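An overview of the molecular structure
Now for the letters of each chain:
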Amino acid sequence: MTGRAPHLNRFSRAISRSGLSIYDPVDVSDPDLWIPTPELEALLESGLDGLRLGGLPLRTRSKVIKQRICRVLGYPVPASFKRTRPRFPGQLFDTYVQKSNNLQIWNEEIAPGRRYVLIRLSSNNVVERVKVVTGDRLALLDTTGTLTQKYQARFIPEKTTELVVSEDTENLRPLTGKRSPPVPPDIRPTDPPTAGTLLPISVIYNLLRALVGRVVRDAGREQERARGSELHRLICRQLGYRTFEDDGRFPDLRHQLLEVKLQTAPTIDLGLIRPDSKEVLDVPKVRQRRIRHCDVRYAVFYGSTDGKRLTLTHLCLSTGEALFTRCPQFRGKVLNKKLQIPLPGDFFDR
C-alpha cells in the first residue's frame with residue numbers, strides 16, 4: 001500500500017469542518033463532502049493499513065474498525081454505533097471483514113447504489129487490503145444464482161449500426177461539446193466527466209461505428225473481463241485517449257459516461273441498476289448538474305466468434321433513458337435469502 005495522496009485529505013478536512021456525523025445524509029454530487037468510490041477506497045486502504053485486530057472478539061473487532069474509519073474520514077466517533085442499514089449512511093457504505101474469499105450478506109438483498117467496503121485480514125489478523133465496490137458491481141461476482149435477479153434486456157441485431165436517439169438526455173445536453181475536441185493528455189478514461197470534454201452521443205456514434213468489422217482476441221465466455229478489455233482498449237483509442245484503463249466500475253468509460261456491452265448472444269446483463277433510473281450517479285456535479293444513471297450512454301456491440309477471434313458485426317448506441325425502447329427488458333422474480341458470494345482469488349489484487 002502507498003501513503004495517502006495529499007488531494008485525498010481535502011475530503012476528511014471538509015467533513016471534519018462540517019460537523020456532520022456518519023448518520024447525516026450527504027448529496028451524492030457534493031464535490032466536497034461526498035467521497036467518490038475510487039477516493040473512498042484509497043482513503044480507507046491508506047488509513048486502515050496495518051491495523052492489528054488479533055485477539056479481539058468479533059464485536060469488538062467490528063467496533064474498532066468502525067472507529068478507525070470515522071477518524072480516517074474526518075467524522076467524530078459516536079459513543080455507540082446505531083444498527084442502521086447501511087452502517088455508514090452518510091457515505092452510503094457497509095463494511096465486511098474478510099479472512100476468506102467467501103463474502104456473506106445476511107438478511108438483506110444487495111442494494112445497487114450502496115458501497116461495500118471489503119477489508120482483507122492477514123492470517124495474523126492485520127488489515128492488509130481494502131476494496132470498495134458498488135452493489136451493481138458486486139452482483140457481477142455472483143456465480144451461485146442466489147442474488148436478486150439482475151436486470152436483463154434482449155438485443156436482436158438488425159441494422160449494422162444504429163443510433164437509438166439522436167441526442168443525449170435533456171439533462172446531459174448542455175454539458176456536451178459541439179464536436180470532437182482532442183482529449184487532454186492528462187485525462188484518463190476512468191476520470192469523472194467534465195463539461196466541454198463530454199462528447200455528444202452523435203459524435204460518439206460516428207467514432208465508434210468505425211469499429212464494426214474489427215477483430216478482437218476472444219478470451220472466451222469464462223473470461224468476460226479479458227474479452228471486454230480488448231474492446232475497451234479499441235474504444236479508448238478511437239475516442240482519442242492516450243491511455244487505456246478499465247477499473248471495473250460503472251460506467252466503463254466514466255469520463256464519457258459510456259457503458260460498453262459486448263454480446264455474442266441476445267441477452268444483455270445489466271446488473272442491479274435499471275438503465276432508465278433517475279437515481280444520481282456516483283460522480284461529482286458537472287456545472288452544478290447531477291448526473292443520473294439514465295444519462296449514461298450504452299454502446300452495445302454484437303459479434304460472432306470462432307472461439308479465438310471475435311468479429312464485431314453490429315453496434316447499437318443509446319442513452320440509458322431510451323435503451324429499453326430498443327432492447328426490451330426481461331422481467332423476472334425477486335429472490336430474498338442469505339447471500340454467499342465467492343470472491344475471485346485475485347479480487348484484492350485488482
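**Some words on the pairing of strand S11 (residues 309-319)**
Burial analysis of S11 places eight of its eleven residues in the buried class, the great majority of the element. Relative to S11, strand S6 (residues 161-163) runs parallel, the two being bridged by three bridges. Looking at the pairing, Thr161 lines up with Leu315 of S11. Across three bridges, the pairing between strand S7 (residues 215-217) and S11 is antiparallel. The partner of Arg217 across the bridge, within S11, is Arg309.

**Concerning the pattern of salt bridges**
Side-chain pairs of opposite charge can arise where the charged atoms are in close proximity. Scanning the entire structure with this criterion turns up 17 salt bridges. One salt-bridge network, in which partners are shared between bridges, spans Arg137, Asp252, Glu259 and Lys261.

**A short note on the sheet that holds strand S4 (residues 127-134)**
The strand order S1-S3-S4 describes an open sheet built from three strands, whose pairing is mixed. A strand with exactly one partner marks an edge of an open sheet, and here the two such strands are strand S1 (93-98) and S4. Each strand axis lies, on average, 20° off the axis of its neighbour in the sheet, ignoring direction. Alignment of S1 against strand S3 (residues 115-121), held across six bridges, turns out to be parallel. Paired with Phe93 across the strands is Arg115, a residue of S3. Against the sheet, helix H2 (residues 37-48) touches S1, S3 and S4, its axis set at about 165° to S4.

**Considering the nonpolar core**
Ranked by internal contacts, the top residues of the largest apolar core, which has 32 residues, are Leu44, Ile69, Leu73, Tyr75, Val127 and Val130. Those elements giving two or more residues to this core turn out to be helix H1 (9-18), H2, helix H3 (58-73), S3 and S4. Considering each element in turn, this core owes the most residues, five residues, to H3. Beyond its immediate stretch of four places on either side in the chain, Ile69 contacts Leu44, Leu48, Phe88, Phe93 and Thr95. In this structure, Leu199, Val216, Leu253 and Leu317 belong to the second largest nonpolar core, which totals 26 residues.

What counts as what
Residues numbered from 1 in each chain as written. Predicted model: local features only at pLDDT ≥ 70, side-chain atom pairs only at ≥ 80, totals over all residues. Heavy atoms only, no water. Buried < 20%, exposed > 50% of the residue type's maximum accessible area, 1.4 Å probe, protein only. Helix = DSSP H or I, 4+ residues; strand = E, 2+ residues; numbered from the N terminus. Pairing = 2+ DSSP bridges. Salt bridge = Lys/Arg side-chain N within 4 Å of Asp/Glu carboxyl O. Axes fitted to C-alpha atoms, helices over the stretch in contact; angles between N-to-C directions. Contact = heavy atoms within 4.5 Å. Core = buried A, V, L, I, M, F, W, Y, C linked by side-chain atoms within 4.5 Å.

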